[in-house]
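Listed below, chain by chain, are the residues.
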Amino acid sequence: MRIRRTLAAVIATAALAGLGLTGAATATAAAASPAASPAESPTPGECEKGGGTVDFATNLCRGGTYNGQMVD
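All values reported here derive from a predicted model rather than from experimental measurement.

1. Some details on the overall build of the protein chain
A count of helices and strands for the protein chain gives two helices and two strands. For the protein chain, the succession of helices and strands along the chain, N to C, is α-α-β-β. Going through the 72 residues of the protein chain one by one, you find that 10% of them count as buried. A sequence separation of at least 24 residues applies to 28% of the contacts in the protein chain between residues at least 6 apart. Just so you have it, the protein chain exposes about 5,500 Å², and 64% of that area is on carbon and sulfur atoms.

2. Here we look at unusual backbone geometry
You will see that Asn59, though not glycine, has its phi angle at about 55°, which is positive. Structurally, the position occupied by Asn59 is in the loop between strand S1 (53-55) and strand S2 (60-62).

3. Some thoughts on the environment of Pro44
As for its placement among the helices and strands, Pro44 is situated in helix H2 (residues 44-49). On the basis of relative accessible area, Pro44 is assigned to the partly exposed category, the value being 27%. Along the sequence, Pro44 and Val54 sit 10 residues apart, while their C-alpha atoms lie 6.3 Å from each other. The contact partners of Pro44, leaving out residues within four places of it in the chain, are Val54, Val71 and Asp72.

Calculation criteria
Residues numbered from 1 in each chain as written. Predicted model: local features only at pLDDT ≥ 70, side-chain atom pairs only at ≥ 80, totals over all residues. Heavy atoms only, no water. Helix = DSSP H or I, 4+ residues; strand = E, 2+ residues; numbered from the N terminus. Buried < 20%, exposed > 50% of the residue type's maximum accessible area, 1.4 Å probe, protein only. Contact = heavy atoms within 4.5 Å. Areas by Shrake-Rupley, 256 points an atom, 1.4 Å probe, with all protein chains shown as cover.

Encoded structure:
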């Protein structure tokens, strides 16, 4: 009985550790994506989701993640 509990705990720990490593790799890759392609202009929706507002007079994103970038 004790062996079953130990084995179940080891399997559960390994499964949770695997999910944690996968989640960390995904989060790192997702965080690197916007910085990897600064040449692309954000859409108005992306500007607003990033915390900015679109200035349609100049086609610039004001504030947020895409501050100062031309809006596509």
